Amino acid sequence: MNYRAIITDIEGTTSRISFVTDILFPYAKAHLPAFIQREQQQPAVAAELDAIRRLLGQPAASTDDCIAALLDWIAADKKLTPLKTLQGMVWQHGYQQGHFQGHIYPDAAAQLRHWQQQGIQLYVYSSGSVQAQQLLFQYSEAGDLRPLFSGYFDTRIGAKQEIASYAAILQHLQLPPNQVLFLSDVPAELDAAAKLGIATVQLIREQQAPSQHQRAENFYQIEVQ
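We now turn to the structure provided with this report. (Residues numbered from 1 in each chain as written. Predicted model: local features only at pLDDT ≥ 70, side-chain atom pairs only at ≥ 80, totals over all residues. Heavy atoms only, no water.)

For the rest of this paragraph, the subject is the pattern of salt bridges. In the structure shown here, the tally under the stated rule is eight salt bridges. Between Asp107 and Arg205 there is a salt bridge, and its shortest N-O distance comes to 2.8 Å. With Asp107 in helix 5 (residues 106-117) and Arg205 in the loop between strand 5 (199-203) and strand 6 (214-216), the pair connects residues that are 98 residues apart, well separated along the chain. Across this residue pair, the class does not change: Asp107 and Arg205 are buried. Among the ionic pairs, Arg146 bridges to Asp144, the shortest N-O distance being 2.7 Å. For Asp144, a relative accessible area of 37% gives the class partly exposed. (Salt bridge = Lys/Arg side-chain N within 4 Å of Asp/Glu carboxyl O. Helix = DSSP H or I, 4+ residues; strand = E, 2+ residues; numbered from the N terminus. Buried < 20%, exposed > 50% of the residue type's maximum accessible area, 1.4 Å probe, protein only.)

Structure follows, in C-alpha cells:
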C-alpha cells in the first residue's frame, strides 16, 4: 500500500521512553513551581492555571493549590492538557539552555527524512503538548527535524485511545483511512486507529507486549510502499 500520510507517536516510537521519564519529567518537577510563581501573571500561564481550577472543580484554588495538583499529576503520569502545556513551557527553557537534547532513534530520523523526500506527509500525535513535541524535534540529537512534519496533534484533539480522536485527525488530513499509517508502541492506541481502517504498525523498542498489529523493531522494518 502506498501511504500518503504517516502519523507517528513519540515515546517508545521515535524516542526512548526513558528520555521523558528520566530527564523531562524530573526537570519539570524541579522547575515547574518556581516557573509558575514567576510567570503566573502572564496570559498563557494564567489561562492554564484557570484550566487547572476547572479540572479541580475549585474556581478559587490558589496558585499553590494548582502547583500541588500539577506535582500530583506528574507523579501519576496524568495526560492532562494544562499539565502538558505548562511542562512544555518549562522544557523550552531547558532545551534553549542546553540542559538536554531531544532523543530520537537514528533509524527514526533517517526514515522520517526518507519518507518526507518521497512526498509522504508526516504528522506527530503524542500526549505531550504540541509545543513539547516541536521542542523535542527542534532540539533533537539529529538536528532540527521540524521541517519534516506537516502538522502536530496532542490531547486537544482527543485522548489517544479514543476512536473519535483518529476520526478528527482523518478529517483534518482529508484522506481516506487506508492511505494513512499510524505508528505507536501502545496497542490500545493502535486498536482505536485500526477500527477506522487506518493502517497500523507497533514499534517494539524495549519491553512492549506484542499485539495483533503488524510489528517492527525499528523504522527500517516499516514498509510504506
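Within the structure shown, the criterion is met by eleven aromatic pairs. In textbook terms, an aromatic cluster arises when at least three aromatic residues are bridged by ring pairs, as seen for Phe19, Tyr27, Tyr95, Phe100 and Tyr139. If you follow Lys160 out to its NZ or CZ, it ends over the ring of Tyr125, 5.4 Å from the centre. Above the ring of Tyr105, the side-chain terminus of Arg205 is found at 3.9 Å from the ring centroid. (Phe/Tyr/Trp six-rings, centres within 6.5 Å; stacked < 30°, edge-to-face > 60°. Lys NZ or Arg CZ within 6 Å of the ring centre and 35° of its normal.)

Membership of the largest hydrophobic core comes to 55 residues, with the highest contact counts inside it found for Trp115 and Ile222. Considering each element in turn, this core owes the most residues, nine residues, to helix 1 (residues 17-39). In this structure, Trp115 is in contact with Ile6, Ile120, Leu122, Leu183, Phe219, Ile222 and Val224, ignoring residues within four places of it in sequence. (Core = buried A, V, L, I, M, F, W, Y, C linked by side-chain atoms within 4.5 Å. Contact = heavy atoms within 4.5 Å.)

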